[in-house]
Amino acid sequence: MAEDQIGDRMEDRKGNILIVDDTPENLQVLSATLSDRGYKIRGVINGKMALRAARSAAPNLILLDIRMPDMDGYEVCKQLKSDSQTSEIPVIFISALDEVLDKVKAFQIGGVDYITKPFQVEEVLARVEHQITIQRLQKQLLDRNIQLQQEIVERKKAEEAAAAASLAKSQFVANMSHELRTPLNAILGFTQVMSRDSLLTSEQIENLRIINRSGEHLLELINDVLDLSKIEAGIIALDESSFDLYQLLDTLEEMFQIKAEDKRLQLSFAVESNVPQYIKTDEKKLRVCLINLLGNAIKFTNNGGSIWLRARLENQPQQARAEIIPDLNSPEESYLAFEVEDTGVGIAAADIGTLFDAFVQTEAGKKSADGTGLGLTITKKYVEIAGGDIQCSSILGAGTIFKFNIKIAPANSSEVTVTRLQRAIGLEPNQPIYRILAVDDNQENRLLLIKILQPIGFEVKEAENGLQAVEIWDNWQPHLIWLDTRMPVMNGLEAVRQIRSKEQERQQNQPARPRCIIIALTASTFEENRGEIIAAGCDDFVRKPFQEQIIFEKMANYLGVRYIYQELPALVAARNRGYAVTTEQPDSFFLPLLAEMPHNWVEELYQAANDVNEELTFKIVDRISASHPILAEGLKGLLENYRLDRIVHLTQTILE
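What counts, and at which threshold
- Residues numbered from 1 in each chain as written.
- Predicted model: local features only at pLDDT ≥ 70, side-chain atom pairs only at ≥ 80, totals over all residues.
- Heavy atoms only, no water.
- Pairing = 2+ DSSP bridges.
- Helix = DSSP H or I, 4+ residues; strand = E, 2+ residues; numbered from the N terminus.
- Axes fitted to C-alpha atoms, helices over the stretch in contact; angles between N-to-C directions.
- Contact = heavy atoms within 4.5 Å.
- Parallel < 35°, antiparallel > 145°, perpendicular 65-115°, else oblique.
- Nonpolar A, V, L, I, M, F, W, Y, C, P; charged D, E, K, R; others polar.
- Buried < 20%, exposed > 50% of the residue type's maximum accessible area, 1.4 Å probe, protein only.
- Right-handed = clockwise from strand over helix to strand, strands pointing away.
- Core = buried A, V, L, I, M, F, W, Y, C linked by side-chain atoms within 4.5 Å.
- Salt bridge = Lys/Arg side-chain N within 4 Å of Asp/Glu carboxyl O.
- Polar contact = N/O pair within 3.5 Å; in protein donor to acceptor, adjacent residues only side chain to side chain.
- Phe/Tyr/Trp six-rings, centres within 6.5 Å; stacked < 30°, edge-to-face > 60°.

Draft legend 1. Just the sheet that holds strand E1 (residues 16-20), in detail. Read from one edge of the open sheet, five strands run E2-E1-E3-E4-E5, paired in parallel fashion. Two strands bound the open sheet, and with one partner strand each, they are strand E2 (40-44) and strand E5 (113-116). When strand polarity is set aside, the average angle formed by the axes of neighbouring strands in this sheet is 20°. Both strand E4 (residues 91-95) and E5 contribute to a ladder of four bridges, which runs parallel. Within E5, the residue paired with Phe-93 across the bridge is Tyr-114. Along the sheet face, helix H4 (residues 73-82) touches strand E3 (61-65) and E4 and points at about 175° away from the line of E4.

The structure is reproduced here in structure tokens:
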């Protein structure tokens, strides 16, 4: 049984041969010889049987005699070649006819070879194997071509699916951009409107500014998430500008201090003295990197833990830092290095390798059920774009350290744009009454524009779609239109096209009639671009969420509006703290000294620090300067470094 199976496999491997010869002896000789060589043989004695056999089970090769009764080999070959079912079967003629014309005719009607009788067995075997090999190679080539064609079809399908997915992603991103920016526009806008109230206390004004700055940070983070596809496509570039690094760090510390205090965390910023105040790099990307790392540190650090942000200047990373004195004025490239360290839950070694992959979260991240898993991916990409790299080291249960550096260039204070803290509160006298049309399908956004513009002295009307905008323009002739681009009934771009068309018609009869200024308001990132907006007929565009000063500046530029301004008090965060590495006394220094103090004094100190009342805290500490100078000096050091959080922690420990 085993030998029969081996024989069947060999026959299948060598090929099937049909022998057609009216002489039984020739059939027997050829059949025995080829069977011994592993071929599977069928034999027939006339042409009609040959045609039926070939059509019922196509062989790999036909050995065909020419002289046969009823139907000779030539006719058999013609019929085989005329039938699509058998036309590709190779035919070798075996005949006693040895004239040249006989051989020529055999090849003309489709034969692939010609063997003259009496034949030599070795010659027959060689010619048969040659044709079988050719057929096998042709079949392999055909199969490979079919496979390649299938792969091409599948690849085209995959490309079409990828293109469809990319289009769907772009549409989703555009829609999400619009949906996120629209409510954020109202949040940021109404904080600006509320800040105009003259009855607000300085504390309330500062709270509104904190809300506004936090909203702006949220907007930047939204933009970064929406830009992830651009990062992957490699079209996000470095946007360098000169800025105040100390002020940036002040803003971040203020932003995260409240979150840290909620979890009773000690948040410390330490910057070496040779780090310059003014630098040139991509401020936005640096801010995003620090926000992502500090946010993660606070999220994954348990109550009572500590977080440090450290910054230092270094030269090219490959050089031995101990041998280098960093100098921004040297021709060498300089790097600004940051460390964000925490005493949090740590990261498992198995998670470190995929830490910066998109949409991948650590076990701690999954448990927190917070975030998208994009923060570290964006951070790594931004650091690389800024010419640096980032590493992470962690001990599970003990804490994590993220280190990254970026290239920086020197900058002067004169290169830094300082925003004047002033607010438009009215229009200068002797100006026209400007008519302004606010067009937006979102009622909150229309109301925001009205509340910004009407108190200043503008006459404002509103429309909720493009069709209404065209009608109001036709009847009211506004000086300027703030026009949303995405609206039902008629979108903004179609509305501006119709307005411009009507303007051209009227210019022929009234050449002196002024042209209406139209500025588009868009909340989308990808759907509209500047070229489309300007081509439709708009003079300019502003992206949502917008700041009120942008609105006033655009109107001043296009209409020549002049404002009366009110100077605003400086932001608390704007006080430059002159960062330097400082050494704070440990808890073991303060706790024994505080324990000696009267309970009511400690309680009073706790209350003042907990209320973030720096002035009162200084007064309470001053009371003990004469009797407890060492404790007073230590507490004053904390106050000078804005460490009310540590005073709260220390006094709370004593009171508990």
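Text resumes after the structure shown.
Draft legend 2. Structural context of the sheet that holds strand E18 (residues 540-543). Ordered by their spatial adjacency, five strands build an open sheet running E15-E14-E16-E17-E18, and the pairing between neighbours is parallel. Lying at the two open borders of the sheet, with one neighbouring strand each, are strand E15 (459-463) and E18. Neighbour to neighbour, the strand axes of the sheet diverge by 20° on average, direction disregarded. Inspection of the sheet shows strand E14 (residues 435-439) paired to strand E16 (residues 480-484) by four bridges, in the parallel sense.

Draft legend 3. Fine view of the packing of helix H22 (residues 629-640) against helix H23 (residues 644-655). Two elements in contact, H22 and H23, have axes separated by 7 Å at closest approach and are oriented at 140°. The angle between H22 and H23 places the two elements in the oblique class. Facing Leu-635, Leu-638 and Leu-639 of H22, the residues of H23 in contact are Leu-644, Arg-646, Ile-647 and Leu-650. Tallied by class, residues from the contact of H22 with H23 come to six nonpolar, no polar and one charged.

Draft legend 4. Representation of the pairing of E1. E1 sits mainly inside the fold: four of its five residues count as buried. Here E1 runs beside E2; their pairing, made up of five bridges, is parallel. Bridge assignment links Ile-19 to a residue of E2, and that residue is Gly-43. A crossover connection joins E1 to the parallel E2 through helix H2 (residues 24-36); in handedness this β-α-β unit is right-handed. Strand direction decides the pairing type here: E1 and E3, joined by four bridges, are parallel. Across the sheet, Ile-19 pairs through a bridge with Leu-63, a residue of E3.

Draft legend 5. Representation of the nonpolar core. By size, the foremost hydrophobic cluster in this structure holds 44 residues, and its most contacted members are Leu-245, Leu-286, Leu-336, Phe-338, Phe-402 and Phe-404. Elements represented by at least two residues in this core include exactly helix H9 (245-262), strand E7 (266-271), helix H10 (283-299), strand E9 (306-314), strand E10 (334-342), helix H13 (375-385), strand E11 (390-395) and strand E12 (399-410). Discounting residues that sit within four places of it in the chain, Leu-286 has contacts with Phe-243, Leu-245, Leu-248, Phe-338, Phe-404 and Ile-406.

Draft legend 6. How the structure looks around the pattern of salt bridges. In total, this model carries 28 salt bridges according to the counting rule given. Of the charged contacts, one joins Lys-117 and Asp-21 as a salt bridge, the two residues approaching to 2.9 Å between their closest N and O atoms. A residue pair is termed long-range when its members are at least 10 positions apart, and Lys-117 in the loop between E5 and helix H6 (121-194) and Asp-21 in the loop between E1 and H2 qualify at 96 residues. A relative accessible area of 3% means that Asp-21 is categorised as buried. The salt bridge partner of Lys-636 is Asp-622, with a shortest N-O separation of 3.1 Å.

Draft legend 7. The arrangement of the environment of Ser-35 in detail. Looking at the secondary structure, you find Ser-35 in helix H2. Judged by its relative accessible area of 34%, Ser-35 is partly exposed. For the pair Ser-35 and Lys-14, spaced 21 residues apart in the sequence, the C-alpha separation amounts to 10.0 Å. A polar atom in the side chain of Ser-35 sits 2.7 Å from the backbone oxygen of Ser-31.

Draft legend 8. Fine view of unusual backbone geometry. A cis geometry characterises the amide bond from Lys-117 onward to Pro-118, with omega recorded as -10°. Mapping Pro-118 onto the fold places it in the loop between E5 and H6. The phi dihedral of Asp-70 is positive, around 70°, even though this residue is not glycine. By the element assignment, Asp-70 lies in the loop between E3 and H4. A residue is classified by how much of its surface remains accessible, and Asp-70, at 84% relative accessible area, is exposed. Phi angles above zero are rare outside glycine, and Gln-477 is one such case at about 50°.

Draft legend 9. Local environment of the packing of aromatic side chains. Applying the stated criterion to the full structure yields eight aromatic pairs. Here Tyr-563 and Tyr-565 contribute two aromatic rings whose centre-to-centre distance is 6.1 Å and whose plane-to-plane angle is 65°, an arrangement assigned as edge-to-face. A relative accessible area of 42% places Tyr-565 in the partly exposed class. In this structure an aromatic cluster arises from ring pairing among Tyr-434, Phe-458, Phe-552, Tyr-563 and Tyr-565.

This is a description of form; function is not addressed.
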